[in-house]
Amino acid sequence: MAATIHDIAREAGVSIATVSKVINNKAHVSPETRKKVLQVMEQLHYTPNASAANLARRTSKNVLYADRFYKGLPYENPHMFDIICGVSHELSRKGYRLSLLNLDSCGKKPEAALEEAILSRVADGIIVSSAFVTARMERLLLKHDFPQICIGEPQFDTILSWIDANNTLSSNLAVEHLVSTGCRTLAFMGGREEDRIFMDRLRGFRTAMERRGLEAKEEYITYNPPDVEAIFQSAAALLGLPVPPDGIICTNSLMAVGTMRAIQSRGLDIPGQVSMIAFDDHPYSLMVSPQPTIIDIDLFSLGVHAGNLLLKKIRDPAMLVQTYTALPRLLLRGTTRVR
């Protein structure tokens, strides 16, 4: 009787999944294990079943986008939908579909929802928010050798692939512009501490201030919920300091709306007395007057890159991608002076 994949696994002392990876030349198998499995295959005169191998490699032409989805999310995190649109655009050009996987539903842990999706074989690969990526999820993805791209750099050393915007560089651009217009006392209107994008931007702000020989004082840094009234009160408190800021950086366009209301309520001229710059053009910055100067990041383009890179990983699972993309650009408008 011809040897089977079960015989190979038993004789080599490995799992059937490991033997399958060796047969299909997948990544994440140590050279020693690969050599041992190949030796056993030779000893038992094992020949892989071509039809079975083809079945194992069958394609669904579907990709999952995994994140948290809930009512009101588009207003709190418009970035996500720019990225999703970019991913979908690129996948559709290559004949793939994009499906959403909610990692915060039905009472399941994110890892359980992810493994269920992988085992059901409903998709050829996954794009996942780095906010959910833990060491346990990393082990799960590597165990199944499932092609993936993380949106955002994971907060631990990893061999998973990721793509991200350089938020530190974006903050440096904001500080450099305000300083070039004559501002010296800069404040940062921020979000919540669990918001990784804001914390990356805040880290870049502090670094850029230090590089310029300016002090990023804690009383000039605020942490705010996505509520325009709370933002207004927070900005008003900044403007009431003994030495108020002459330049304010807002971590998103909602922050810009509340901050501008506070500046105007005190009768201050923008940009004559207070300059303001905000990240992200959408969804609110075009609704206020004067329209704020913006640090714009093309997240649609980031989504396009993510989709393209995932399709390459589906073809070559051993490929490792860890990169920054979507460089920031300055859109000069009415809330900063131009020298």
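On a predicted model such as this, the values are computed, not experimentally measured, just so you know.

Scoring rules and cut-offs
Residues numbered from 1 in each chain as written. Predicted model: local features only at pLDDT ≥ 70, side-chain atom pairs only at ≥ 80, totals over all residues. Heavy atoms only, no water. Helix = DSSP H or I, 4+ residues; strand = E, 2+ residues; numbered from the N terminus. Buried < 20%, exposed > 50% of the residue type's maximum accessible area, 1.4 Å probe, protein only. Contact = heavy atoms within 4.5 Å. Areas by Shrake-Rupley, 256 points an atom, 1.4 Å probe, with all protein chains shown as cover. Lys, Arg positive; Asp, Glu negative; His and termini not counted. Charge placed at Lys NZ, Arg CZ, Asp CG, Glu CD. Right-handed = clockwise from strand over helix to strand, strands pointing away. Pairing = 2+ DSSP bridges. Axes fitted to C-alpha atoms, helices over the stretch in contact; angles between N-to-C directions.

Draft legend 1. Main features of the overall build of the chain. The number of helices and strands found in the chain is 13 helices and 12 strands. Reported as C-alpha extents along the three principal axes, the dimensions of the chain are approximately 90 × 35 × 35 Å. Burial statistics for the chain: of 339 residues in total, 48% are counted as buried. Sequence-distant contacts in the chain: of pairs separated by 6 or more residues, those separated by 24 or more amount to 70%. Approximately 16,600 Å² of the chain is accessible, and the part contributed by carbon and sulfur atoms is 52%. Positive and negative side-chain charges of the chain, numbering 38 and 36 respectively, have mean locations separated by a distance of 5 Å.

Draft legend 2. Spotlight on the pairing of strand β9 (residues 275-279). With respect to burial, β9 is a largely interior element, 5 of its 5 residues being buried. With burial as the criterion, each face of β9 is covered, one bearing S275, I277 and F279 and the other bearing M276 and A278. Handedness of the crossover joining strand β8 (residues 247-250) and β9 through helix α12 (residues 253-265): right-handed. When β9 meets strand β10 (residues 293-296), the two strands line up parallel, connected through 3 bridges. Directly across from I277, in β10, lies its bridge partner T293.

Draft legend 3. Geometry of the environment of R315. Position of R315 relative to the elements: it lies in helix α13 (residues 299-315). On the basis of relative accessibility, which here comes to 63%, the residue R315 falls in the exposed class. Sequence-wise, R315 and R10 are 305 residues apart; in three dimensions their C-alpha atoms are separated by 30 Å.

Draft legend 4. Geometry of the sheet that holds strand β1 (residues 62-67). The 6 strands lie next to each other as β2-β1-β3-β4-β5-β11, forming an open sheet whose pairing is parallel. Edge positions in the sheet fall to β2 (97-102) and β11 (322-325), since each of these pairs with one other strand and no more. Adjacent strand axes in the sheet meet at a mean angle of 25 degrees when their direction is disregarded. The pairing of strand β4 (residues 148-151) with strand β5 (residues 162-165) spans 2 bridges and is parallel. Within β5, the residue paired with I151 across the bridge is I163. Contacts between α13 and the sheet are confined to β1, β3 (125-129), β4, β5 and β11, with β4 contributing the most and set at about 160 degrees to the helix.

By themselves these figures say nothing about function.
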